[in-house]
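Take a look at the letters that make up each chain.
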Amino acid sequence: MSTAMNFSTKSFTPRPPDKGAFPLDHFGECSAFKERFMECLRHSGYESAACRQSAMAYLECRMDRRVTPGHGPGCGRGQRGLQLMANEPLEKLGFKDLINEKSEEKPEK
């Protein structure tokens, strides 16, 4: 007598999240920016709002750097030049007010 339980034959295929996941900085290309951010957090009592400039600089560093071929996602599959973080407008990352401050500081020509 067989059981009446039928299990679905569909298999779950995991996929990475749309945002929030990026390769590790194996070579420490942005470690100086990360350390400045962490130091700011320690001095501000871990108040992240006080360290937004440092956070923005760290994210800009990650967007500017590329993963070395043979390391990170896609290694060995012919994918070259992956970034440590996908380019994203800083406005979408919550830094619109800081960008406006930078442009106001620049003298007009």
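Here the structure is a predicted model, which means the values were calculated and not measured.

Asks: Which residues make up the overall build of the protein chain, and what values do they have?
Replies: Looking only at helices and strands, the protein chain features three helices and zero strands. Written out in order from the N terminus, the α and β elements of the protein chain read α-α-α. Residue burial in the protein chain is summarised as follows: out of 109 residues, 20% are buried. Taking as baseline every contact in the protein chain between residues at least 6 positions apart, the subset at least 24 positions apart corresponds to 56%.

Asks: Could you give me a rundown of unusual backbone geometry, with the residues and numbers involved?
Replies: The phi dihedral of Tyr46 is positive, around 60°, even though this residue is not glycine. Mapped onto the elements, Tyr46 comes out in the loop between helix 1 (31–43) and helix 2 (52–64). A relative accessible area of 55% means that Tyr46 is categorised as exposed.

Asks: Could you give an account of the nonpolar core, with specific residues and numbers?
Replies: In this structure, Cys30, Phe37, Cys51, Met56, Leu59, Leu90 and Phe95 are the most contacted members of the largest nonpolar core, which totals 16 residues. Mapped onto this core, the elements with two or more residues apiece are helix 1 and helix 2. The element that contributes the greatest number of residues to this core is helix 2, accounting for six residues.

Asks: So what's going on with helix 1? Which residues, and what values?
Replies: The α-helix winds at 3.6 residues per turn, so residues separated by three or four positions along the chain end up facing the same way. The terminal C-alpha atoms of helix 1, which comprises 13 residues, lie 18 Å apart, in line with the 18 Å expected from a rise of 1.5 Å per residue. What helix 1 keeps buried is the set Phe37, Cys40 and Leu41. Angular distribution of buried residues about the axis of helix 1 spans 100°; they occupy a single face of the element. Where helix 1 is buried, its residues contact helix 2.

Asks: With reference to specific residues and values, describe the confidence of the model for the protein chain.
Replies: Interpretation of the predicted coordinates at a detailed level should be avoided for regions scoring low in pLDDT. Mean pLDDT for the protein chain: 76, with 60% of residues reaching 70 or above. The least confident element of the protein chain, judged by mean pLDDT, is helix 3 (residues 96–105) at 75; the most confident is helix 1 at 96. For residues 71–80, every residue scores under 50 in pLDDT, and the model assigns this stretch eight contacts once sequence neighbours within four places are set aside.

Asks: Please give an account of the state of the cysteines that cites residues and values.
Replies: Taken as a whole and assessed by the stated rule, the structure comprises two disulfides. A sulfur-sulfur distance of 2.0 Å marks the disulfide that ties Cys30 to Cys61. Sign of the S-S torsion, about -90° for the bond between Cys30 and Cys61, identifies this disulfide as left-handed. Pair noted here: Cys30 is in the segment before helix 1 and Cys61 is in helix 2, with a separation of 31 residues, a long-range link. The class for Cys30 is buried, based on a relative accessible area of 1%. Looking at Cys61, the relative accessible area reads 2%, which means it is buried. The side chain of Cys40 participates in a disulfide bridge whose partner is Cys51; the two sulfur atoms lie 2.1 Å from each other. One quick way to see it: the torsion about the S-S bond of Cys40 and Cys51 is about -95°, and its sign makes the bridge left-handed. Of this pair, Cys40 sits in helix 1 while Cys51 sits in the loop between helix 1 and helix 2, and the two are eleven residues apart along the sequence. When sorted by exposure, Cys40 lands in the same class as Cys51, which is buried.

Reading the values: rules and limits
- Residues numbered from 1 in each chain as written.
- Predicted model: local features only at pLDDT ≥ 70, side-chain atom pairs only at ≥ 80, totals over all residues.
- Heavy atoms only, no water.
- Helix = DSSP H or I, 4+ residues; strand = E, 2+ residues; numbered from the N terminus.
- Buried < 20%, exposed > 50% of the residue type's maximum accessible area, 1.4 Å probe, protein only.
- Contact = heavy atoms within 4.5 Å.
- Core = buried A, V, L, I, M, F, W, Y, C linked by side-chain atoms within 4.5 Å.
- Expected span 1.5 Å × (residues − 1).
- Arc of directions from axis to C-beta.
- pLDDT = per-residue confidence, 0-100.
- Disulfide = S-S within 2.5 Å.

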